[in-house]
4 protein chains.
Amino acid sequence: MSEQITVSVLGAAGFVGGELIRLLQSHRQVKLLDATSRARAGQAIGRSLPALRHFPEAGRKRFSTIETMREADVVFSCLPGGVLPRVLAQIRPKAKRIINLAGDYRLRDPALLATHYPETAAHGVPEGARYLIPEFWQQDYADCQLINLPGCMAVATFYSLYPLVAAGLVEGEIVAEAKTGSSGSGKESAEHPAERSHNYRPYKLSGHRHEPEIIQALRDHAGSEVALRLSVGSLDGPRGISVSSFMTLRDGVTELDVRKAFFSAYGGTRFVRYLGQAQGPWNVPMLKTVVGSNAVEVASHVDGRRCTVISALDNLIKGAAGQGIQAMNLMHGFSEDEGLTHGGMWP
Amino acid sequence: MSEQITVSVLGAAGFVGGELIRLLQSHRQVKLLDATSRARAGQAIGRSLPALRHFPEAGRKRFSTIETMREADVVFSCLPGGVLPRVLAQIRPKAKRIINLAGDYRLRDPALLATHYPETAAHGVPEGARYLIPEFWQQDYADCQLINLPGCMAVATFYSLYPLVAAGLVEGEIVAEAKTGSSGSGKESAEHPAERSHNYRPYKLSGHRHEPEIIQALRDHAGSEVALRLSVGSLDGPRGISVSSFMTLRDGVTELDVRKAFFSAYGGTRFVRYLGQAQGPWNVPMLKTVVGSNAVEVASHVDGRRCTVISALDNLIKGAAGQGIQAMNLMHGFSEDEGLTHGGMWP
Amino acid sequence: MSEQITVSVLGAAGFVGGELIRLLQSHRQVKLLDATSRARAGQAIGRSLPALRHFPEAGRKRFSTIETMREADVVFSCLPGGVLPRVLAQIRPKAKRIINLAGDYRLRDPALLATHYPETAAHGVPEGARYLIPEFWQQDYADCQLINLPGCMAVATFYSLYPLVAAGLVEGEIVAEAKTGSSGSGKESAEHPAERSHNYRPYKLSGHRHEPEIIQALRDHAGSEVALRLSVGSLDGPRGISVSSFMTLRDGVTELDVRKAFFSAYGGTRFVRYLGQAQGPWNVPMLKTVVGSNAVEVASHVDGRRCTVISALDNLIKGAAGQGIQAMNLMHGFSEDEGLTHGGMWP
Amino acid sequence: MSEQITVSVLGAAGFVGGELIRLLQSHRQVKLLDATSRARAGQAIGRSLPALRHFPEAGRKRFSTIETMREADVVFSCLPGGVLPRVLAQIRPKAKRIINLAGDYRLRDPALLATHYPETAAHGVPEGARYLIPEFWQQDYADCQLINLPGCMAVATFYSLYPLVAAGLVEGEIVAEAKTGSSGSGKESAEHPAERSHNYRPYKLSGHRHEPEIIQALRDHAGSEVALRLSVGSLDGPRGISVSSFMTLRDGVTELDVRKAFFSAYGGTRFVRYLGQAQGPWNVPMLKTVVGSNAVEVASHVDGRRCTVISALDNLIKGAAGQGIQAMNLMHGFSEDEGLTHGGMWP
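Residues numbered from 1 in each chain as written. Chains lettered and ligands numbered in written order. Predicted model: local features only at pLDDT ≥ 70, side-chain atom pairs only at ≥ 80, totals over all residues. Heavy atoms only, no water.

1. Things to note about the overall build of chain A
So, point 1. Across its full length, chain A holds 12 helices and 13 strands.
So, point 2. Since a compact globule built from 347 residues should have a radius of gyration of about 20 Å, the 20 Å found for chain A is in line with a globular shape.
So, point 3. Counting only C-alpha atoms, chain A reaches 60 × 45 × 45 Å along its principal axes.
So, point 4. Expressed as a percentage of the 347 residues in chain A, the buried residues total 67%.
So, point 5. Put simply, of all contacts in chain A between residues at least 6 apart along the chain, 71% involve residues at least 24 apart.
So, point 6. Total accessible area on chain A stands at roughly 11,500 Å², and carbon and sulfur atoms take up 48% of it. (Helix = DSSP H or I, 4+ residues; strand = E, 2+ residues; numbered from the N terminus. Rg over C-alpha atoms; globule rule 2.2 N^0.38 Å. Buried < 20%, exposed > 50% of the residue type's maximum accessible area, 1.4 Å probe, protein only. Contact = heavy atoms within 4.5 Å. Areas by Shrake-Rupley, 256 points an atom, 1.4 Å probe, with all protein chains shown as cover.)

Written as structure tokens, this is what we have:
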């Protein structure tokens, strides 16, 4: 517990950046150096991020800029998509490691990159950039300077699909529908609170860029090419993602096979909690029990050859800032859950 | 506009019964005779149903009982599932027509009936009981004494599927996920508000009794046997159902074919509003624009052979009380939308 | 019922303007002529206002501009505060009557005007501008070309205070706290949905411009100068205002005196519903039963010399668009509730 | 950090009991012995309290009963009001210390006790029972066997009033309005989620039993007899209390005096955070930043002689379970914030 590293956060005035600073307050091996915000440079952090006013030191710190930031062991980039490729050269000399929470370098396929991340395609993907789902950490990531973490809905869906795809238990097309709270759209969203609240509405029924990311991650980790369609809807409420995934089991696969695949995949993980056969009202993954925590809840429901898998996580924590800290912990040999022990609430 | 009929409501202290009385206040051809509630007999209706206090006459009326109720032209049964079969013989002599909003007589298959509606199976389905989706009204329903209306999630899903199934445009299994507000569970729900709010959770992942009802309705009206899996989740908020249906188009079917099928099915309807190609943020069916109204919104989204259809309605109105009034209007030759012109709100 | 007048709406793409058009759809003596929006000129109304897509004719109409609008019998101004004074000269020749729903001409005191409405103070208050609380309608308003309606929180509080102040039953300072939904801040609000939801926060603890307006209205109608402090807070949810007013009764005043004052003031009104002694859980004014309607609910609670009065209304309807239509109905001799018969919902 | 004590929780299946167990999971000096629930004896805790399933050991533990529970260093009583007086004799031999989170022994005045806590009045207040607001901890509490903690709305209001009353800065009557989330009504509430949500409604306008408790606490700690009226309203949402307190400053008191009083009272506290002059939008106490934490936020707003004070806290944490742990920490010489470092969230 003696070692302490220095950490800076780029784009710290946004939702993910603010959440990262908030979570780092309970991390005992980290010293926050710089928090940058072009628009708010010089302002006290606590004025932008009311949750930080309970931490007087962090709350009174002032936003700096990329130009003035100091060298740090870890630099988290929470810059909006498309910005990091433009400033990467400027940041590299000041960062032993960069953990990027935006989508810029998630996809490898050039055609998909051009479609979904045109700014990245224009600047090119730097050498040595790697994509990491924390549960697939291996030692060789430790030498990587630029780590990219998955998208919130991508990773929520991945946790639902990986064990069954890896075990070869499913066949045919998989349908996934993700529902997300309003912080997922970022702080610059133009949506009015009165239009968001008391509503549920689908908003992206095909072509979401998290769809190819899930397919790529399953190819990499489960060694299989899946046919996946992802649809996304908007929930009232600030945080949380719930994903329902519908698939068909191969002939002869039993509910026990399904449960074994999940237990085997997640039994040893710190944050992925498999609940067994999903059963309402409460033995199902849900928003309330994961919001505020770095947990992912997953449950499966088998009915003949039909299998439905539900997963839930907090998009700002396990879907962004929390998995970033988890990745840092792994890279630096800290305890995997350092700074991440908060649990969800009930009720 | 001169004719006026008498109407009574059984089980009037529940959510559907209360909504029915509320809607009937703006119906100009109806006189409310009796509103029964065994538990609240003798109490003023307005004390149970705060929305009725804006209608002094109805609000001050007192709940009666099935025993004391008078003869009426139309008796709406909003009794909880399983009760009507036990009291039907008592009601028949007092009712020219019974419009049943509960599920008792929706399924015809004896095996399914025994599984999903054991009380009905025990008492038997009475002669002449018929099931009506109001958009499929035909004159011969007018002679029917016992009309049964569809379940809220069943009919919401049916509106999404009917045009494409009837036109033979889809193949393979259809996946439907319905999300519903908390009034759907009825007034006797044991769920605590603190457990419901700030949450989203799936609650019934297979075996919901609205699933065979949708299949039966598609068999009847679209002449086709579909493979359907229905999953249901719980939204925060009191009202509204949103259904996402995922299906595969037959080879060669185009987006234009899909739109034509919907326009042709719903172009002439009063309450089913087809929005064309679903496109976020706003050209999608959503809760806010239908809650408070008898409208159903439907939109389709085609991406190659993948077709996603979204529908939304107010479970207490178009999914229950409103469709009951619509059925009554049709049976009595009133304007189809009499009492049902309220629109959804924005924001 | 034969007469039909022409109506235009300025600033129709905002929340109040959209609500006005929505409500006018069920008004049988009005023909909508123009709906202006500088930013959206030429676009279909239904694209900005999803609730209007259930009304095909109005939904397909296109926004025009102040320059191109035609002459109309009634022009509702839903322009943002400060705009009408700049364009009034342009509008006058095209409008037999102007009903202004913004705050520009509510205050008469020049010092208060300069503080709270500097744009108005700069342009001056036009001759013949009058302020109208619809329940105080008198025939001489009929000749007025420029009618100004009260602010949403001002009028909600006024309904709570007027009967007791007019009857001389209270003494000392009155404390009022208003809670409002998010549409109250107008469509240009910069608040993010994720910051608004799952929250309650006070936002204006003194100096709200509705405070002098209430005092002025009580001076005019109750003939008394009150000491009032108004505080305002932000609720999650899109619509609705609830006001709690705390006051002290003069020595010897009884609960019966209080009830008599309210019954006498509101017994003959169409929209102000006095519930008697407020008593939880349900015999209290609340958001759910008024949202969607033009009703105001008011209840009093007397405990010795302490008197608390609660009122509730829908800020976009009774606090804005609905009272505008009510004013128009009175001016034109239509039934006071034409187009305004929708009731609140439960649950 | 070496010492570990044993702790049991009575009434552990309720909201406060569950929250206590959840919070104790991050307390390093406590071992959970028994969690009792008469209704759920023998069931796994994690089935009643979904938030506990992330803590496998605690989640699998089974509810025991008062009869079978073992001796413990600290017994937290989360039994519903009125139960502890009946079973106290049974518990005393098994508990070195009892920390009671219910209201039974909060009031000392026999007349008020008879009115508000008739069960307690019937059984009598045991010798040595003491009432503790944790910020007023003194060493002599350490010897007390039966500690009683304040009510959630009482303590939230107390934090707003104490500094100004103690400093003698206010005169005349104080008006306080508390708004509370739905968990405040306890798990046995009969309210339906559909009736609670999308609503705001006052529910107790006089006579709330937290009113005399606040007056008693101010008498004890501020040495002054205040005239207070407390009104209570129901918010949508599960957690959180916001209190607005309206008072009049004595002649000559300045804003600086007010701020000094608050800084002086709370500068040295761990959990009461004074924000200075309340100023919307964000420099105000609000639900989002305190829910999930043991913090109380307080801010004052002075306008001439009018002073408004706002406070906010999480009713289940700082208003119940969290302050219970804080009290235990103080009694046992643990760090005051052990197990209580979680912060509120934003957004």
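Here the narrative resumes, following the displayed structure.
2. Topic: the relation of the copies chain C and chain A
So, point 1. Superposition record for chain C on chain A: RMSD 0.0 Å, screw rotation 180°, translation along axis 0.0 Å. Viewed as a symmetry operation, the transformation between the two copies matches a two-fold axis. Among all residues of chain C, the minimum C-alpha distance to the rotation axis is found for Pro193 of chain C, at 2.0 Å.
So, point 2. Both copies contact each other with a shared surface, as 100% of the interface residues of chain C are interface residues in chain A too. (Least-squares fit on C-alpha atoms with pLDDT ≥ 70 in both.)

3. Considering the relation of the copies chain A and chain B
So, point 1. At an RMSD of 0.0 Å, chain A and chain B line up after a rotation of 180° and a shift of 0.0 Å along the axis.
So, point 2. When the interface residues of chain A are mapped onto chain B, 100% of them are again interface residues, pointing to one common binding face.

4. Things to note about the side chain of Asn148 of chain A
Residue and element names in this part refer to chain A.
So, point 1. Following the sequence through the fold, Asn148 ends up in strand β6 (residues 146–148).
So, point 2. We classify Asn148 as buried; its relative accessible area is 0%.
So, point 3. Not counting residues within four places of it along the chain, the set of residues in contact with Asn148 comprises Asn100, Tyr105, Ala129, Arg130, Tyr131 and Leu132.

5. What about the UniProt feature "domain: Semialdehyde dehydrogenase NAD-binding" (unreviewed entry) in chain A?
So, point 1. Annotation from UniProt places "domain: Semialdehyde dehydrogenase NAD-binding" (unreviewed entry) at residues 6–136 of chain A.
So, point 2. Its end C-alpha atoms 25 Å apart, residues 6–136 of chain A is made of 31% helix and 20% strand. (UniProt positions renumbered as here; feature names shortened; annotations may be inferred.)

6. Overview of the sheet that holds strand β3 (residues 72–77) of chain B
Residue and element names in this part refer to chain B.
So, point 1. Pairing within the open sheet is parallel, and its six strands lie in the order β2-β1-β3-β4-β6-β5. In this open sheet, the two strands that pair with only one neighbour each are β2 (30–35) and β5 (129–131). The sheet shows a mean angle of 25° between the axes of neighbouring strands, taken without regard to direction.
So, point 2. Summarising the sheet, strand β1 (residues 5–10) and β3 pair through four bridges and their orientation is parallel. (Pairing = 2+ DSSP bridges. Axes fitted to C-alpha atoms, helices over the stretch in contact; angles between N-to-C directions.)

7. Details of the packing of aromatic side chains
So, point 1. Applying the stated criterion to the full structure yields 40 aromatic pairs over all chains.
So, point 2. Between Phe158 of chain A and Tyr162 of chain A, the aromatic rings sit 5.4 Å apart at their centres with planes inclined by 20°, giving stacked as the arrangement. Of this pair, Phe158 of chain A and Tyr162 of chain A are both found in helix α7 (residues 152–166), four residues apart, which corresponds to roughly one turn of the helix.
So, point 3. Among the residues examined, Phe158 of chain A registers a relative accessible area of 1% and is labelled buried.
So, point 4. Through pairs of rings, three or more aromatic residues link up here, namely Phe136, Phe158, Tyr159, Tyr162, Phe262, Phe263, Tyr266 and Tyr274 of chain A.
So, point 5. Note that Lys288 of chain A overlies the ring of Trp346 of chain A, its terminal NZ or CZ placed 5.8 Å from the centroid.
So, point 6. One cation-aromatic arrangement involves Arg130 of chain C over Tyr141 of chain C; the distance from NZ or CZ to the ring centre is 4.0 Å. (Phe/Tyr/Trp six-rings, centres within 6.5 Å; stacked < 30°, edge-to-face > 60°. Lys NZ or Arg CZ within 6 Å of the ring centre and 35° of its normal.)

8. Quick look at the UniProt feature "active site" (unreviewed entry) in chain A
All names here are of chain A.
So, point 1. Here, UniProt's "active site" (unreviewed entry) annotation points to Cys152.
So, point 2. With respect to the helices and strands, the residue Cys152 is situated in helix α7.
So, point 3. What makes Cys152 buried here is its relative accessible area of 15%.
So, point 4. Look past the residues within four positions of Cys152 in its chain and what remains in contact with it is His210, Ile241, Leu313, Asn315 and Gly319.

9. So, the state of the cysteines
So, point 1. Within the structure shown, the criterion is met by zero disulfides over all chains.
So, point 2. Not engaged in a disulfide, the cysteine Cys144 of chain C finds its nearest cysteine sulfur in Cys78 of chain C; these two sulfurs lie 17 Å apart. (Disulfide = S-S within 2.5 Å.)

10. Let's talk about the sheet that holds strand β7 (residues 170–180) of chain C
Residue and element names in this part refer to chain C.
So, point 1. Spatial strand order, β8-β9-β7-β10-β13-β12-β11: seven strands in an open sheet with mixed pairing. In the strand order of this sheet, the two ends are held by β8 (200–204) and β11 (272–277), each with one partner. Along the sheet, successive strands turn relative to each other by an average axial angle of 20°, direction set aside.
So, point 2. Here β11 runs beside strand β12 (residues 296–303); their pairing, made up of four bridges, is parallel. The residue of β12 that forms the bridge with Arg273 is Glu297.

11. Section: the domain arrangement of chain A
Residue and element names in this part refer to chain A.
So, point 1. By the assigned domains, chain A splits into domain 1 (5–149 + 320–332) and domain 2 (152–313).
So, point 2. At the junction of the two partners, domain 1 supplies 22 residues and domain 2 supplies 22 residues.
So, point 3. Both faces combined, the contact of domain 1 with domain 2 buries some 2,000 Å², and carbon together with sulfur accounts for 53% of it.
So, point 4. Looking only at domain 1, the three residues that lose the most surface to domain 2 are Phe15, Glu135 and Phe136, adding up to 28% of its buried area.
So, point 5. On inspection of domain 1 and its partner domain 2, the count reaches two salt bridges. (Domains from an automatic or database assignment. Buried area = accessible area lost by both parts, 1.4 Å probe. Salt bridge = Lys/Arg side-chain N within 4 Å of Asp/Glu carboxyl O.)

12. Here's the deal with the interface of chain C and chain A
Much of the literature gives interface size as the accessible area that the parts lose upon coming together.
So, point 1. Across the contact, 18 residues belong to chain C and 18 residues belong to chain A.
So, point 2. Counting the surface lost from both chain C and chain A, the interface buries some 1,300 Å², and carbon and sulfur atoms represent 67% of this.
So, point 3. Glu195 of chain A serves as the salt-bridge partner of Lys187 of chain C, at 3.9 Å between the closest nitrogen and oxygen.
So, point 4. Counting across the chain C and chain A interface gives four residue pairs in polar contact (both at pLDDT 80 or more). (Polar contact = N/O pair within 3.5 Å; in protein donor to acceptor, adjacent residues only side chain to side chain.)

13. Comments concerning the interface of chain A and chain B
So, point 1. Facing 44 residues of chain A, the contacting portion of chain B comprises 44 residues.
So, point 2. Buried surface at the junction of chain A and chain B, summed over both partners, amounts to about 3,600 Å²; 57% is from carbon and sulfur atoms.
So, point 3. Interface area lost by chain A to chain B is led by Leu205, Arg229 and Arg306 of chain A, which between them contribute 19%.
So, point 4. For the pair chain A and chain B, the number of links is six salt bridges.
So, point 5. Our enumeration of links across chain A and chain B arrives at 28 residue pairs in polar contact (both at pLDDT 80 or more).
So, point 6. Of all the elements in the fold, those that place two or more residues in the side of chain A that touches chain B are β7 (170–180), α8 (193–196), β8 (200–204), β9 (228–235), β10 (241–249), α11 (287–290), β12 (296–303) and β13 (306–313) of chain A.
So, point 7. Broken down by element, the side of chain A that touches chain B gets its largest block of residues, five residues, from β10 of chain A.

14. A look at helix α12 (residues 317–332) of chain C
Residues and elements named next belong to chain C.
So, point 1. An ideal rise of 1.5 Å per residue puts 22 Å on 16 residues; α12 reaches only 19 Å between its terminal C-alpha atoms.
So, point 2. The largest bend along α12 measures about 45° and falls at Gln323.
So, point 3. Counted residue by residue, α12 has 16 buried out of 16 residues, so it is predominantly covered.
So, point 4. After α12 finishes, the residue Gly333 shows a positive phi value of roughly 75°. (Expected span 1.5 Å × (residues − 1). Bend = angle between axes of the 7 residues up to and from the residue.)

15. Examining the pattern of salt bridges
Oppositely charged side chains can form a pair if their charged atoms are brought close together.
So, point 1. Evaluated as defined, the whole model comprises 87 salt bridges over all chains.
So, point 2. Here Glu225 of chain A and Arg219 of chain A are joined by a salt bridge, their closest N and O atoms 2.7 Å apart.
So, point 3. The exposed category is assigned to Glu225 of chain A, whose relative accessible area is 52%.
So, point 4. The partner of Asp34 of chain D in a salt bridge is Arg70 of chain D, and the shortest N-O contact between them spans 3.1 Å. Residue Asp34 of chain D is found in strand β2 (residues 30–35), and its partner Arg70 of chain D is found in the loop between α3 (56–60) and β3 (72–77); the two are separated by 36 residues along the sequence.
So, point 5. Residue classification places Asp34 of chain D among the buried residues on the basis of a relative accessible area of 6%.
So, point 6. Residue classification places Arg70 of chain D among the partly exposed positions, given a relative accessible area of 45%.
So, point 7. Linked by salt bridges that have partners in common, Glu19, Arg22, Arg239 and Asp314 of chain A make up one network.

16. Some points on unusual backbone geometry
Negative phi is the rule for most residues except glycine; trans is the rule for most peptide bonds.
So, point 1. Between Gly280 of chain D and Pro281 of chain D the backbone carries a cis peptide bond, its omega angle lying at 0°.
So, point 2. Relative to the helices and strands, Pro281 of chain D is located in the loop between β11 (272–277) and α11 (287–290).
So, point 3. Following Trp346 of chain D, the chain continues into Pro347 of chain D via a peptide bond in cis, with omega recorded as 5°.
So, point 4. Within the secondary structure, Pro347 of chain D sits in the segment after α12 (317–332).
So, point 5. Positive phi outside glycine occurs at His198 of chain C, with the angle close to 60°.
So, point 6. Here His198 of chain C shows up in the loop between α8 (193–196) and β8.

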